[in-house]
Amino acid sequence: MPEIIPSDNVGIVTPQRHHFTTALALDCGRVLPQYELVYETYGTLNKARSNAILICHALSGDHHAAGYHHAEDRKAGWWDNCIGPNKPIDTQRFFVVSLNNLGGCRGSTGPISLNPETQRPYGPDFPIITVRDWVHSQAQLGALLGIEQWAAVIGGSLGGMQALQWAMTYPDKLRHCIAIASAPKLSTQNIAFNEVARQAIMTDPNFHEGRYYDYQVIPKQGLMLARMLGHITYLSEDAMRAKFGRELREGKLNFSFDVDFQIESYLRYQGRSFVDRFDANTYLLMTKALDYFDPASEYDHNLSAALAIAQAKFLVISFTSDWRFSSERSKEIVKALLDARKKVTYLDIKADDGHDAFLMPIPLYFSALKAYLKTVADESDEITH
Amino acid sequence: MKLRTDLALLSDWIKPHSHVLDLGCGDGTLLAHLRDTRSVSGYGVDIDENKLIRCIEAGIYVIHSDLNKGLSQFSDKSFDNVILTQTLQALKRPDLLLLEMMRVGEEAIVTFPNFGHWACRFDIFFRGQMPLSRALPNEWYRTENIHLCTLKDFEQLCQTLNINIMQRAIVDTGHRSTALMRLLPNLMGEIAIYRLRLMPKVNA
């Protein structure tokens, strides 16, 4: 944490936890009789309870979206550049809620949690969670906080899918749906990448069919490989070249399989540090949730029909260099919304950062988000029921 | 705020509560005007991000897109009206976009600066130079207008494309339409405004 907290930072935040005892029926057919969600909030809920924003996280995200946990905290929350006073998601005007999704490994009930029936970690017995299951659990969290209708539900990537699902599952419970760098379903290529990542984890000798907690080991190599592969797909070729080029780490070739190039060193570092903070079973679950998301499939593969029920206004944003969730995928969402005559605004932001762009403070992107959210905040102020 | 000449005029041609697509919508002035005065719904389309942000600020729904790439994100006959103001002459293939407009809308409204206006002819004929006027303010090397046309050219194109001209208004940049303009539109008109409809297909 910097010595003096900048005026546009939410400062020190404390995660909260709630134990839900209402059973949650899941898409897979199983029921979670009880579960916990960990969440953080920033800003103040107004009297009319009309200024709440839900932040949905992507694959490896969690509830810690902004601010610092303590004075020695080195890094701020994952979307700190976007959430705070006078930032696009302005905490002077909005009450922002961010949670760790079910199945996560940062406090919400997931594979590392104790299964109350066996008193052992769930591990591979944890049910496969879908985007819709998340939305149902998030609705419970909204109810707990006294939020009848979100001013906006916002997410990037897998988070954008949750925002879209919100608009379809609870049409009257959100006024705006903001889906950034997202897609109406994964492409075959995307599913293929996810499968390679999962295979890397599941074939690690330390995986033990997901029961690695019992052996007090973790499938480090597999998780690391999965993350390295992920990282390659999140960056664009240009961004990678600009950042690393073919630069050599020691200024010479070593004629060995150790690290020669900077990019190798970077990927290994990213992979290794991921192992320290993320659970392999959660990674498997999250990638499955991604693969399964396909709301149009229940409507004869007509996305417009799937979205017809939505009442929210939509903001869809994509990035030109994102090939993992390309602009074309966002345009599919936009076309479906246009066909359904929904209120939608779409921007395709020029950016070199690939899929990661949705986390970057790209000026035009943030200006657009800020302008849009200002109208949302004004609208929230007008509601005084 | 005073609405630009051609925009004020074409607004009268749009029925209340219509669903409208405004191509090259800029800062959304026309759509905001139509929304506020005629309860019109719809979207703007533009390529300039900064203009899109102005639209967002004005509460206008906009789609970021390059008109030179067509209107593939819009379905057939999904709009009552498709509007293209002062943009036709800046397109790579105006004819292709016109056809796209007729595909997605029941009707289209197009406005453009008339290159047949006497001042343009005067500049070319006597000065031997590309015209500069209120309607065409930039020099040839930095103008966005790459496909300038006269009323006659445009009307010929419509005929070729099987497009019916339902209505035409010829004005100067000050919103005026004089008797002389009505008498000699191609010579006296600075800005042309057309209401278009695709001709019904006749089965032989």
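Residues numbered from 1 in each chain as written. Chains lettered and ligands numbered in written order. Predicted model: local features only at pLDDT ≥ 70, side-chain atom pairs only at ≥ 80, totals over all residues. Heavy atoms only, no water.

Asks: Sorry, what's going on with the overall build of chain A here?
Replies: Within chain A, the regular secondary structure consists of 10 helices and 14 strands. Taken over the C-alpha trace, chain A has a radius of gyration of 21 Å; the compact-globule value for 385 residues is 21 Å, and the two agree within 12%. If one aligns the C-alpha atoms of chain A with their principal axes, the spans along those axes are about 70 × 50 × 50 Å. Expressed as a percentage of its 385 residues, the buried residues of chain A come to 56%. Of the contacts made within chain A by residues no fewer than 6 positions apart, 71% connect residues no fewer than 24 positions apart. Accessible surface for chain A amounts to roughly 16600 Å². Of this, 51% is attributable to carbon and sulfur atoms. The average position of the 38 basic charges and that of the 44 acidic charges among the side chains of chain A differ by 2 Å. (Helix = DSSP H or I, 4+ residues; strand = E, 2+ residues; numbered from the N terminus. Rg over C-alpha atoms; globule rule 2.2 N^0.38 Å. Buried < 20%, exposed > 50% of the residue type's maximum accessible area, 1.4 Å probe, protein only. Contact = heavy atoms within 4.5 Å. Areas by Shrake-Rupley, 256 points an atom, 1.4 Å probe, with all protein chains shown as cover. Lys, Arg positive; Asp, Glu negative; His and termini not counted. Charge placed at Lys NZ, Arg CZ, Asp CG, Glu CD.)

Asks: Sorry if this is basic, but what is going on with the packing of helix H5 (residues 237-244) of chain A against helix H6 (residues 262-277) of chain A here?
Replies: All names here are of chain A. Put simply, H5 and H6 touch, their axes get as near as 9 Å, and they point 105° apart. With respect to each other, H5 and H6 are oriented roughly perpendicular. Facing H5, whose interface residues are Met-240, Lys-243 and Phe-244, H6 presents Gln-262, Ile-263 and Tyr-266. For the contact of H5 with H6, the residue count by class is four nonpolar, one polar and one charged. (Axes fitted to C-alpha atoms, helices over the stretch in contact; angles between N-to-C directions. Parallel < 35°, antiparallel > 145°, perpendicular 65-115°, else oblique. Nonpolar A, V, L, I, M, F, W, Y, C, P; charged D, E, K, R; others polar.)

Asks: Can you help me understand the domain arrangement of chain A in this one?
Replies: Think of interface size as the accessible area that goes away when the parts come together; that is how it is often given. All names here are of chain A. Assigned domains of chain A: these are domain 1 (16-185 + 294-383) and domain 2 (190-288). Inter-centroid distance (C-alpha atoms) of domain 1 to domain 2 is 26 Å. Each partner contributes residues to the interface: domain 1 has 31 residues there, and domain 2 has 27 residues. Both faces considered, domain 1 and domain 2 share a buried interface measuring about 2500 Å² in area, 58% of it formed by carbon and sulfur atoms. Summed over the three residues of domain 1 that lose the most area to domain 2, namely Leu-59, Trp-323 and Arg-324, the buried surface amounts to 29% of that side. With a closest N to O distance of 3.1 Å, Arg-211 and Asp-125 form a salt bridge. Where domain 1 touches domain 2, the interface holds 11 residue pairs in polar contact (both at pLDDT 80 or more). A breakdown of the residues in the side of domain 1 that touches domain 2 according to their chemical character gives 15 nonpolar, nine polar and seven charged. (Domains from an automatic or database assignment. Buried area = accessible area lost by both parts, 1.4 Å probe. Salt bridge = Lys/Arg side-chain N within 4 Å of Asp/Glu carboxyl O. Polar contact = N/O pair within 3.5 Å; in protein donor to acceptor, adjacent residues only side chain to side chain.)

Asks: Sorry, what's going on with the UniProt feature "site: Important for acyl-CoA specificity" (unreviewed entry) in chain A here?
Replies: All names here are of chain A. Residues annotated in UniProt with the feature "site: Important for acyl-CoA specificity" (unreviewed entry) correspond here to Arg-324. The residue Arg-324 is located in the loop between strand E13 (313-319) and helix H9 (327-339) in this model. With near-sequence residues (within four places) excluded, Arg-324 lies in contact with Asn-190, Phe-193, Asn-194, Gly-230, Thr-233, Tyr-234 and His-355. Within polar-contact distance, the side chain of Arg-324 engages the side chain of Asn-190 at 2.7 Å. (UniProt positions renumbered as here; feature names shortened; annotations may be inferred.)

Asks: Where do I start with the UniProt feature "active site" (unreviewed entry) in chain A in this structure?
Replies: Residue and element names in this part refer to chain A. When the UniProt feature table is mapped to this numbering, "active site" (unreviewed entry) covers Ser-157, Asp-322 and His-355. These annotated residues cover 199 residues of sequence, but their C-alpha atoms sit close together, with the largest distance between any two at 10.7 Å. A residue is classified by how much of its surface remains accessible, and Ser-157, at 7% relative accessible area, is buried. Apart from residues lying up to four places away in sequence, Ser-157 is in contact with Ala-58, Ile-180, Ala-181, Ser-182, Phe-325, His-355 and Phe-358. Looking at the element boundaries, His-355 is found in the loop between strand E14 (344-349) and helix H10 (363-382). Not counting chain neighbours up to four residues away, the residues in contact with His-355 comprise Ser-157, Ala-181, Thr-233, Tyr-234, Asp-322, Arg-324 and Phe-325.

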